[in-house]
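# Residue-level structure breakdown
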Amino acid sequence: MFIGHYALAFGATRAAPAVSLGTLFLACQFADLLWPTLVLLGVEVVEIAPGNTATTPLNFVRYPYSHSLVMLLAWSALFAIGYRVLRGRSGTAAITLAVLVFSHFVLDFITHRPDLPITIGGATRVGLGLWNVPAVELPLELFMLAAGFAIYLRATRARDRIGSVALWSLLAFLFLVHLANFFGPPPPSAAAVAWSAQALWLVVAWGYWIDRHRTASRAK
Ligand SMILES: [Zn+2]
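What comes next concerns the included structure. (Residues numbered from 1 in each chain as written. Predicted model: local features only at pLDDT ≥ 70, side-chain atom pairs only at ≥ 80, totals over all residues. Heavy atoms only, no water.)

## What to know about the overall build of the chain
Which entries qualify depends on this criterion: By the criteria applied, helices consist of DSSP H or I runs no shorter than four residues and strands consist of E runs no shorter than two, each listed in order from the N terminus. The globule rule is 2.2 Å times the number of residues to the power 0.38, and the radius of gyration it is compared with is taken over C-alpha atoms. Think of it in three bands: residues with accessible area under 20% of the maximum for their type are buried, residues over 50% are exposed, and the middle band is partly exposed, with areas taken using a 1.4 Å probe on protein chains only. Any two residues whose heavy atoms approach within 4.5 Å at even a single point are treated as in contact. For the area figures, the Shrake-Rupley method with a 1.4 Å probe applies, and any residue is considered shielded solely by the protein chains shown.
For the chain, the count of helices and strands is 10 helices and six strands. In terms of overall size, the chain behaves like a compact globule, its C-alpha atoms giving a radius of gyration of 17 Å where 220 residues would be expected to give roughly 17 Å. A principal-axis box enclosing the C-alpha atoms of the chain has dimensions of 50 × 35 × 30 Å. Taking all 220 residues of the chain together, 47% fall into the buried category. Counting only contacts in the chain whose residues sit at least 6 apart along the sequence, the fraction spanning at least 24 positions is 69%. Carbon and sulfur atoms form 69% of the exposed surface of the chain, whose accessible area is close to 10,400 Å².

Right, dumping it as structure tokens:
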């Protein structure tokens, strides 16, 4: 799951309009933002294995700190607490962010083959493997993104030209990465995957940039 995560972040604007789009991206992709650094440090392990599922050539050998059920519960609580402490905002915003951080596990559970750990050390791995049915997975993620994006478009309006250009160019970027994930060649190495995954930080920055140039559509 890639753009499906961003779909939830866009949609969450309705529940937590005061939270920056960048922070929503940080929350929905917290697991995937942590993961490449842990891979580069050798703490988590990924292998290139074309055919691992019909969609992704990645074999997630070990990623309990970024992707286990237990750790995503912990990260979601820490994220919400951190947000409240730093920003002092309402409980709804913090709860929305906690749900978003945890939603990463739920969406990955639907798409990954059974490789998601429950605990850090345990052997149990889960996953429904929707990635093996690309005819469903590919349009499902596109549909999710379209729905989330539509909610965001209705909830906000551009303050200036950048507010539109930055938003629509991000949508195009996410769409292209989604297609490249499906139809592109497998990456040359695990390190190459991890380094390119660091580009997800760019999307977070992009979210903060967009947010500065947009405002709630109904001024209160
Ligand atoms: Zn993930």
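## Details of the layout of surface pockets
The condition that has to hold: Buriedness of a pocket was judged along seven lines, with at least five required to meet protein on both sides within 12 Å; pockets are open sets of points on a 1 Å grid over the protein atoms alone, cavities are sets where a 1.4 Å probe fits but cannot get out, and lining residues have an atom within 4 Å of a point. Grid points are joined across faces, edges and corners, and a volume is the space filled by probe spheres set on the points.
In this structure, the largest pocket spans a volume of roughly 940 Å³. Looking at the largest pocket, it is lined by 36 residues, and the ones nearest its centre are Leu58, Val177, Asn181, Val193 and Ser196. Elements supplying a minimum of two residues to the lining of the largest pocket: helix 3 (30–40), strand 2 (58–62), helix 8 (161–183), helix 9 (190–197) and helix 10 (200–212). A per-element tally of the lining of the largest pocket places helix 8 first, with seven residues.

## Overview of a nonpolar patch on the surface
Quick reminder of the rule: Only residues whose relative accessible area exceeds 30% and that form no salt bridge are eligible for patches; like-charged ones are grouped when within 9 Å, while nonpolar side chains (Val, Leu, Ile, Met, Phe, Trp, Tyr) are grouped when within 5 Å. Definition used for salt bridges: Asp or Glu carboxyl oxygen within 4 Å of a side-chain nitrogen of Lys or Arg.
Taken together, the side chains of Leu41, Val43, Tyr65 and Ile120 define a hydrophobic patch exposed on the protein surface, amounting to about 330 Å² of accessible area. By the element assignment, Leu41 lies in the loop between helix 3 and strand 1 (45–48). Owing to a relative accessible area of 62%, Leu41 belongs among the exposed residues under this scheme.

## Considering the coordination of the zinc ion
What counts, and what does not: Metal-coordinating donors are taken as N, O and S atoms lying within 2.8 Å of the metal, or within 3.2 Å when the metal is Na, K or Ca; because water is left out, some sites can appear incomplete. Every angle between 85 and 135 degrees makes a four-donor site tetrahedral, while opposite donors more than 155 degrees apart, with all other angles between 65 and 115, make a four-donor site square planar and a six-donor site octahedral; other sites are irregular.
All of the protein donors around the zinc ion are Asp32 (OD), His67 (NE2), His104 (NE2) and Asp108 (OD); their distances to the metal are 2.1 to 2.2 Å. Here the zinc ion binds four donor atoms, and the angle range of 82 to 170° at the metal identifies the geometry as irregular. Mapping the donors of the zinc ion onto the primary sequence gives the spacing D-x34-H-x36-H-x3-D. Linking His104 with Asp108, this pair stays in helix 6 (residues 91–111), spanning four residues, or about one helical turn. On the basis of relative accessibility, which here comes to 0%, the residue His104 falls in the buried class. On the basis of relative accessible area, Asp108 is assigned to the buried category, the value being 1%.

## Quick notes on the packing of aromatic side chains
Our working rule: Between the rings of Phe, Tyr and Trp (Trp by its six-membered ring), a pair exists once the centres lie within 6.5 Å; its type follows the angle of the planes, with under 30 degrees stacked, over 60 edge-to-face, and the other angles tilted.
Tallied over the entire structure, the rule returns 14 aromatic pairs. Ring geometry for Phe60 versus Tyr63: centroids 5.0 Å apart, planes at 10°, classification stacked. For Phe60, a relative accessible area of 8% translates into the label buried. A residue is classified by how much of its surface remains accessible, and Tyr63, at 1% relative accessible area, is buried. The structure contains a cluster of three or more aromatic residues connected by ring pairs, namely Phe2, Tyr6, Phe10, Phe25, Phe149, Tyr152 and Trp168.

## Focus: the side chain of Ser68
Our working rule: Pairs of N or O atoms within 3.5 Å make up the polar contacts considered here, provided that, within protein, one atom can donate a hydrogen while the other can accept it, and that residues adjacent in sequence are counted only when both atoms are side-chain atoms.
Examined against the element boundaries, Ser68 turns out to sit in the loop between helix 4 (64–67) and helix 5 (69–87). With a relative accessible area of 0%, Ser68 lands in the buried category. Among the polar contacts listed, one links the side chain of Ser68 to the backbone nitrogen of Met71, at a separation of 3.2 Å. Residues in contact with Ser68, not counting those within four places in the same chain, are Tyr63, Phe105, Pro117, Ile118, Thr119 and Ile120.

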